[in-house]
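Structure at a glance
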Amino acid sequence: KVPEWTLVGSRGQAEPADAVLDNVVLSPTFTLPFPKEPVARRIEAKIDTRGEGKPMPRTFSFVTPWNSSTNPIPFDQKHPYFRRFQEAGFDLVRLVAFSETWLWGTSVTRGEDGKIKLDFSDFDTLLDLYRAGGAEPYIRLAYHTPRVMTSAASGKGHNYSAPTNPDEWDELMRRIVTHCNVDRQLGIRYWVTMLNEADISIRRGQTTWAPILDLYERTTRIVKAIDPTAKVGGPATCGPLPGSQEEDIRTFLRFCKKRNLPPDFLCFHAYRRPQPRDFE
């Protein structure tokens, strides 16, 4: 049975790819491993390459490689994907300096002496890999608060709790930025100094703006003290557009003005908004 619609290279009906299928042929010669009841066999497509060689649209100038603690390095320079990455010609690649969720960077643990321990091995490999692929890294310093730094109960709420000892947070941020731009002299220009998607936990009543904005101020001042030429930004919110995110961004900007922390750029996104014009 021919499906009513087919998606190519997309995440759902709301995010179609720039592709057109013509003369789709369904054949029983190939069975997908999932779902249990196969719904597609094989798609034969004629590829129109007349647009090859044109400049890549701005919407595809930046990329986030998805990795995790169980898969910290998606591929190496010997893998075919590395060549594909080079050919894509991305200008910037977003890397996360610290996260314990689905993205991965620096390992942050607490040693037997009670002090915070950092392992930059995976993070350095990622930096070297994507720089070799021709993309300039821009770095989100911390996706959330490290579990070893908070006393909050387990669950998503702890991700946005204030660290038990704010000085440990400062030291973590200082060591990461120093590692990149002083020790390794990488010249990272762009840093997102806000926790990721804190507005979700704020709306759920798990936290408030106060600890989130405090960490932003601490982190921003640390980056600027180490490298005055670096660019910093936030608020990394993701609420509805139009909707609650408009006020979230205003809250962030009012705080920056009050604390004399003018952001160098705004960083925000929204779900189910695939087109650049949605953000204009």
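This text goes with the structure placed above it.
**Things to note about the environment of K117**
- Along the polypeptide, K117 turns up in strand β4 (residues 116-119).
- K117 gets classed as partly exposed once you look at its relative accessible area, which sits at 49%.
- Each C-alpha atom, one on K117 and one on S107, is 8.0 Å from the other, the two residues being ten residues apart in sequence.
- Beyond its immediate chain neighbours, meaning those up to four positions away, K117 contacts S107, V108, T109 and G111.

**Some points on the side chain of T193**
- Note on placement: T193 falls in the loop between β6 (190-192) and α4 (198-203).
- We classify T193 as buried; its relative accessible area is 4%.
- Within the structure, T193 has its side chain in polar contact with the side chain of T220 (distance 3.0 Å).
- Apart from the residues lying within four places of it in its own chain, the contact partners of T193 are L141, L215, Y216, T219, T220, V223, V232 and G233.

**Structural notes on the sheet that holds strand β5 (residues 136-140)**
- Pairing within the open sheet is parallel, and its six strands lie in the order β1-β2-β5-β6-β7-β8. Only two strands of the sheet have a single neighbouring strand rather than two, namely β1 (62-63) and β8 (265-268).
- As judged from the two bridges shared by β1 and strand β2 (residues 92-96), these two strands associate in the parallel manner. Each residue of the ladder has a partner; that of V63, found in β2, is V93.

**Comments concerning the pairing of strand β3 (residues 107-110)**
- Inspection of the sheet shows β3 paired to β4 by four bridges, in the antiparallel sense. Pairing of V108 across the sheet is with L118, part of β4.
- What sits between the antiparallel neighbours β3 and β4 is a turn of five residues, in which G114 has the positive phi angle 85 degrees.

**A short note on the packing of aromatic side chains**
- Scanning all chains against the criterion turns up seven aromatic pairs.
- Consider the rings of F75 and Y81, whose centres lie 6.3 Å apart with planes at 85 degrees: the pair is edge-to-face.
- Classification of F75 by relative accessible area gives buried; the value is 12%.
- Judged by relative accessible area, Y81 falls into the partly exposed class, the value being 46%.
- Ring centres 6.0 Å apart and planes at 75 degrees place the aromatic pair Y190 and F265 in the edge-to-face group.

**Quick word on empty space enclosed by the protein**
- Tallying each qualifying case throughout the model produces two cavities of 30 Å³ or more.
- Lining the largest cavity we find T64, P65, N67, R94, L95, V96, L103, W104 and L126.
- With three residues, β2 is the single largest residue contributor to the lining of the largest cavity.
- In terms of residue class, the lining of the largest cavity is built from six nonpolar, two polar and one charged.
- In this model, the second largest cavity occupies a volume close to 40 Å³.
- L141, A142, W169, V192, T193, M194, L195, L215 and T219 are the residues that line the second largest cavity.
- Grouping the amino acids of the lining of the second largest cavity by side-chain chemistry returns seven nonpolar, two polar and no charged.

**Quick notes on helix α6 (residues 244-258)**
- Across its 15 residues, α6 extends 21 Å between first and last C-alpha, which sits within 8% of the 21 Å expected from 1.5 Å per residue.
- All buried positions along α6 are accounted for by Q245, D248, I249, F252, F255 and C256. Here the buried residues of α6 occupy an arc of 125 degrees about the axis, which is enough to place them on one side. Facing away from the buried side of α6, by more than 90 degrees, are the exposed residues K257 and K258.
- For α6, the elements touching its buried residues are α4, α5 (209-226), β7 (231-237) and β8.

**Brief notes about the pattern of salt bridges**
- Enumeration over the complete set of coordinates arrives at 13 salt bridges.
- We note a salt bridge from R110 to E168, for which the minimum N-O separation is 2.9 Å. Here the residue R110 occupies a position in strand β3, and E168 occupies one in helix α3 (residues 166-183), the gap between them amounting to 58 residues.
- What makes R110 partly exposed here is its relative accessible area of 34%.
- Since its relative accessible area comes to 18%, E168 is described here as buried.
- Two residues, R221 and E217, come together in a salt bridge whose shortest N-O distance is 3.1 Å. You can see R221 and its partner E217 sitting in helix α5, four residues apart, about one turn around the helix.
- Classification of R221 by relative accessible area gives partly exposed; the value is 39%.
- Relative accessible area serves as the criterion here: at 10%, E217 is assigned to the buried category.

Conventions and cut-offs
Residues numbered from 1 in each chain as written. Predicted model: local features only at pLDDT ≥ 70, side-chain atom pairs only at ≥ 80, totals over all residues. Heavy atoms only, no water. Helix = DSSP H or I, 4+ residues; strand = E, 2+ residues; numbered from the N terminus. Buried < 20%, exposed > 50% of the residue type's maximum accessible area, 1.4 Å probe, protein only. Contact = heavy atoms within 4.5 Å. Polar contact = N/O pair within 3.5 Å; in protein donor to acceptor, adjacent residues only side chain to side chain. Pairing = 2+ DSSP bridges. Phe/Tyr/Trp six-rings, centres within 6.5 Å; stacked < 30°, edge-to-face > 60°. 1 Å grid on protein atoms, 1.4 Å probe; cavity = no way out; pocket = protein on both sides within 12 Å on 5 of 7 lines; lining within 4 Å. Points joined across faces, edges and corners; volume = space filled by probe spheres on them. Nonpolar A, V, L, I, M, F, W, Y, C, P; charged D, E, K, R; others polar. Expected span 1.5 Å × (residues − 1). Arc of directions from axis to C-beta. Salt bridge = Lys/Arg side-chain N within 4 Å of Asp/Glu carboxyl O.

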